[in-house]
Amino acid sequence: MKDPKPVPPKGPAAEQAYHAIRDSIFSGQLNENDRVTELELADTLGMSRTPVREAVKRLLLEGLLTRDAGPGLRVVALQDDDVQQIFEIRLMLESYAARRAAKYATPEEAAEMRTLAQRMADRVPPRTEEDFRALSDANEAFHGLVLQAARSPRLKAMLSVVVHLALVARTFRMYREADMQRSARHHIEIAEAITARSPEWAAMAMSIHLQAAADIARADREAAARAEG
């Protein structure tokens, strides 16, 4: 088993374990279909099995890990059609979320979206693993805030099923510098559209943003398939 990123020396043990294992999946240190056990993870992280077990429960719910027969865990692998479906469903649902957010976001939520968008722009291009993590965390928070501002529990429940966090994070690592700069501009525009209370603008900006991400993910997987063939 490859070593996950060292655990940050703060926070509850289960939270530390969760972030360490999740980071190892997002960074590719644990690849798709890699097999691990809770005991191996605990030994690698230098922790007891209790916090690791709690972390694994969260990662199973998020679809990053799945259980094999016996004590084994496996990093979930996505097929090409899975990737396409995820992005297509996100495009429809998150564009609708942005449309609703432009109607219902509070001034404080809109201001926080602008702050998160600028935080991402300030990290482009990422130079370190810390930059990648900051970008990923800010991106997750931004899209989560748009969904919160949409004021739709049904929409939130639907997106919680389809959004695959590992795919979102790995897509960031496929980006060239120009891709990241464009993505940062997209986030700023989405925040501006929601601040301006323009539903059509917000929906279109989100749609363009997600279509660009889908194109990058598809091109990367096609390149990988050609390399293997």
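Below: a short report on this structure.

Parameters at a glance
Residues numbered from 1 in each chain as written. Predicted model: local features only at pLDDT ≥ 70, side-chain atom pairs only at ≥ 80, totals over all residues. Heavy atoms only, no water. Helix = DSSP H or I, 4+ residues; strand = E, 2+ residues; numbered from the N terminus. Buried < 20%, exposed > 50% of the residue type's maximum accessible area, 1.4 Å probe, protein only. Contact = heavy atoms within 4.5 Å. Areas by Shrake-Rupley, 256 points an atom, 1.4 Å probe, with all protein chains shown as cover. Lys, Arg positive; Asp, Glu negative; His and termini not counted. Charge placed at Lys NZ, Arg CZ, Asp CG, Glu CD. Core = buried A, V, L, I, M, F, W, Y, C linked by side-chain atoms within 4.5 Å. Pairing = 2+ DSSP bridges. Axes fitted to C-alpha atoms, helices over the stretch in contact; angles between N-to-C directions. Parallel < 35°, antiparallel > 145°, perpendicular 65-115°, else oblique. Left-handed = near helix turned anticlockwise from the far one by under 90°. Salt bridge = Lys/Arg side-chain N within 4 Å of Asp/Glu carboxyl O.

### A few points about the overall build of the chain
- Within the chain, the secondary structure is distributed over 10 helices and three strands.
- Each helix and strand of the chain, ordered N terminal to C terminal, gives the series α-β-α-α-β-β-α-α-α-α-α-α-α.
- Considered along the principal axes of its C-alpha atoms, the chain spans approximately 50 × 45 × 35 Å.
- In the chain, which comprises 229 residues, the share counted as buried stands at 46%.
- Partitioning the intrachain contacts of the chain with sequence separation of at least 6 by distance along the chain shows that 75% fall at a separation of at least 24.
- Of the roughly 11700 Å² of accessible surface on the chain, 53% is carried by carbon and sulfur atoms.
- Between the averaged position of the 32 positive side-chain charges in the chain and that of its 34 negative side-chain charges there is a distance of 4 Å.

### Details of the nonpolar core
- Among the nonpolar cores identified, the biggest contains 42 residues, and Met113, Phe142, Val146, Leu155 and Ile194 are the most heavily contacted of them.
- Those elements that place two or more of their residues in this core are helix H4 (80-104), helix H5 (107-122), helix H6 (129-149), helix H7 (153-162), helix H9 (177-195) and helix H10 (199-228).
- With nine residues, H4 is the largest single contributor of residues to this core.
- Not counting residues up to four positions away in its chain, the partners in contact with Met113 are Ala105, Phe142, Leu145, Val146, Ala149, Ala191 and Ile194.

### Comments concerning the pairing of strand E3 (residues 72-75)
- In terms of strand pairing, strand E1 (residues 35-37) meets E3 through three bridges, oriented antiparallel. Bridge pairing links Arg35 to Arg74 in E3.
- Two elements, strand E2 (residues 65-67) and E3, share three bridges in a ladder whose sense is antiparallel. Counterpart to Arg67 in the pairing with E3 is Leu73.
- Hairpin geometry of E2 and E3 is characterised by an intervening segment of four residues between the two adjacent antiparallel strands and by a positive phi of about 80° at Gly70.

### Regarding the packing of H5 against H9
- The contact between H5 and H9 brings their axes to 9 Å, and the two run at 170°. Taken together, the axes of H5 and H9 are roughly antiparallel relative to one another. Regarding H5 and H9, the two cross each other, and that crossing is left-handed. Each of Ala110, Met113, Arg114, Ala117, Gln118, Met120 and Ala121 in H5 lies in contact with H9, whose residues at this interface are Ala184, His187, Ile188, Ala191, Ile194 and Thr195.

### Topic: the pattern of salt bridges
- Scanning the entire structure with this criterion turns up 18 salt bridges.
- Arg151 is paired through a salt bridge with Glu109; the nearest N and O atoms lie 3.0 Å apart. Here Arg151 is found in the loop between H6 and H7, whereas its partner Glu109 is found in helix H5, with 42 residues between them in sequence.
- Glu109 sits in the buried class, given a relative accessible area of 8%.
- A salt bridge links Arg182 to Asp179; its shortest N-O distance comes to 3.1 Å. In this pair, Arg182 and Asp179 both sit in helix H9, three residues apart, roughly one turn of the helix.
- For Arg182, a relative accessible area of 29% translates into the label partly exposed.

### Quick look at the environment of Glu15
- Residue position: Glu15 is located in helix H1 (residues 13-26).
- A relative accessible area of 31% means that Glu15 is categorised as partly exposed.

### Focus on the environment of Met180
- Tracing the sequence through the fold places Met180 in helix H9.
- Sequence-wise, Met180 and Val124 are 56 residues apart; in three dimensions their C-alpha atoms are separated by 6.5 Å.

### Focus: the sheet that holds E1
- Spatial ordering of the open sheet is given by E1-E3-E2, a layout of three strands whose pairing is antiparallel. Looking at which strands have only one partner, the edges of the open sheet turn out to be E1 and E2. On average, each strand axis in the sheet is inclined to that of its neighbour by 40°, with strand direction left out of account.
- Against the sheet, helix H2 (residues 38-45) contacts E1, E2 and E3, and its axis sits at roughly 75° relative to E1.
- Lying on the sheet, helix H3 (residues 49-61) is in contact with E2 and E3; it crosses E2 at an angle near 100°.

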